[in-house]
Amino acid sequence: MSREIRRFDIQFKDPMATFRPGDVLAGSVQLELSQDLKMRGVKLFLQGISRVTLKEERSYTKGSSTNVLRKNVDVYLDEPIMVCPGVEGNIMKPGRYDWPFSLRLPPYLPSSFEGQYGRVQYWAKAVIDRPWKGDTDFTRNFTVLGQLDLNTEEDARKPVEGIADAMAGSFCFRSGPIAGQIVLPQRGYVSGQCIPFTVRVQNKSKRPVRNVRVTLSQVAFFKAEGQQKKQTVLLKGLTWRDITAGENITWEDELKNIPAVPPSRLGAGCKCIDVKYLVSLVANTGSGKGLEVPVEVIIGTVPLRKTEAGTPKLTVKAAAKKNLDALELKGEIKPRLSRTSESRLD
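What counts and what doesn't
Residues numbered from 1 in each chain as written. Predicted model: local features only at pLDDT ≥ 70, side-chain atom pairs only at ≥ 80, totals over all residues. Heavy atoms only, no water. Helix = DSSP H or I, 4+ residues; strand = E, 2+ residues; numbered from the N terminus. Contact = heavy atoms within 4.5 Å. Areas by Shrake-Rupley, 256 points an atom, 1.4 Å probe, with all protein chains shown as cover. 1 Å grid on protein atoms, 1.4 Å probe; cavity = no way out; pocket = protein on both sides within 12 Å on 5 of 7 lines; lining within 4 Å. Points joined across faces, edges and corners; volume = space filled by probe spheres on them. Core = buried A, V, L, I, M, F, W, Y, C linked by side-chain atoms within 4.5 Å. Buried < 20%, exposed > 50% of the residue type's maximum accessible area, 1.4 Å probe, protein only.

Asker: Help me out: how do you make sense of the overall build of the chain in this one?
Answerer: When helices and strands are counted, the chain shows 1 helix and 20 strands. Sequence-distant contacts in the chain: of pairs separated by 6 or more residues, those separated by 24 or more amount to 70%. Of the roughly 19600 Å² that the chain leaves accessible, carbon and sulfur atoms contribute 49%.

Asker: Explanation requested: the layout of surface pockets in the structure shown.
Answerer: Unoccupied space between atoms shows up once a probe the size of one water molecule is rolled over them. Its boundaries defined by the atoms lining it, the second largest pocket holds a volume of some 200 Å³. Elements supplying a minimum of two residues to the lining of the second largest pocket: β16 (210-224), β17 (227-239), β19 (273-284) and β20 (291-300). Considering every element that reaches the lining of the second largest pocket, the biggest residue donor is β16, with 5 residues.

Asker: Help me out: how do you make sense of the environment of R51 in this one?
Answerer: Looking at where R51 falls in the secondary structure, it is placed in strand β5 (residues 41-59). Spatially, the C-alpha atom of R51 lies 8.4 Å from that of Q121, the residues being 70 residues apart in sequence. Apart from residues lying up to four places away in sequence, R51 is in contact with N72, V73, Y117, G118, R119 and I273.

Asker: Mind showing me how you'd approach the nonpolar core here?
Answerer: Note that soluble globular proteins tend to have their nonpolar side chains buried in a common cluster. One finds L44, F142, I182, L184, I273 and V279 to be the most contacted residues of the largest nonpolar core, which totals 75 residues. Excluding residues within four positions of it along the chain, L44 makes contact with I10, V29, E79, P80, I81, V83, F101, A124, K125 and A126. Counting residues in hydrophobic clusters, the runner-up holds 6 residues, among them L150, A156, I298 and L304.

Quick look at the structure:
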């Protein structure tokens, strides 16, 4: 920054610099000069992108190798604002200047996100246009909290169930099967809520099942130029007791207080980064990766609404589907074929 400039800054009206899609982002560009400064004006850029970088190592003959970078960039926000459109004689006098700005953010923006292979980020950049010299700029980041209303998600209020089995022991010394089931009363939740669950495990092996636990994980998928990488982050976990050989158990509990995380799909969706959440029953069976029973949940920002009687209200889309199902039951229209089949533990 040149010696004429004492201070060049961007201040948001929200001191936390946190906004939702559709909010008005307001603030000011501030400049303090100690002496005359040659400049044409000041421009502000509000920008937001998603960026993914995947590194792939390629091996060649004679032991040589090279790294290939695959990149993907998508632009979600690019708004220029001329906060100081002109300066008389291209000379700005010493003093303090404050130029306000205001812009309503688009209603469908993905949530800010930081991952191992990519990110979604937003920032404001103020630029002093200086003739015959390099421009002077200042950048300040801000956060967008993507929105996902669970009442618009058809599956959010439906129960969800997962079933899987595993074999105890090593490949040459199998000791019997182990079956696991996890059931949740609904698929959709918001940060701060608890996730009740029911777990059933049948240990038909001759070995104990150890480290039985239920976890909540965030799984992010990063895509670039036809390639994809995954990052899994453990958010919550609850551990139970061991299950002895031949024992069948039922475990009912809940994962308390979902942490503050971006919503599923980052709210509005992002072309190169997809975020999902899994609740999983996990146990050590003494072989391989053990028993793992994952079910996907939807983490939103607006909870499911309920009527005074306690029955969830239906969205327009969900109500239309309910009416269609009712007509099928009455035989007024031909039933739809379903490829989904349910299986349960004996």
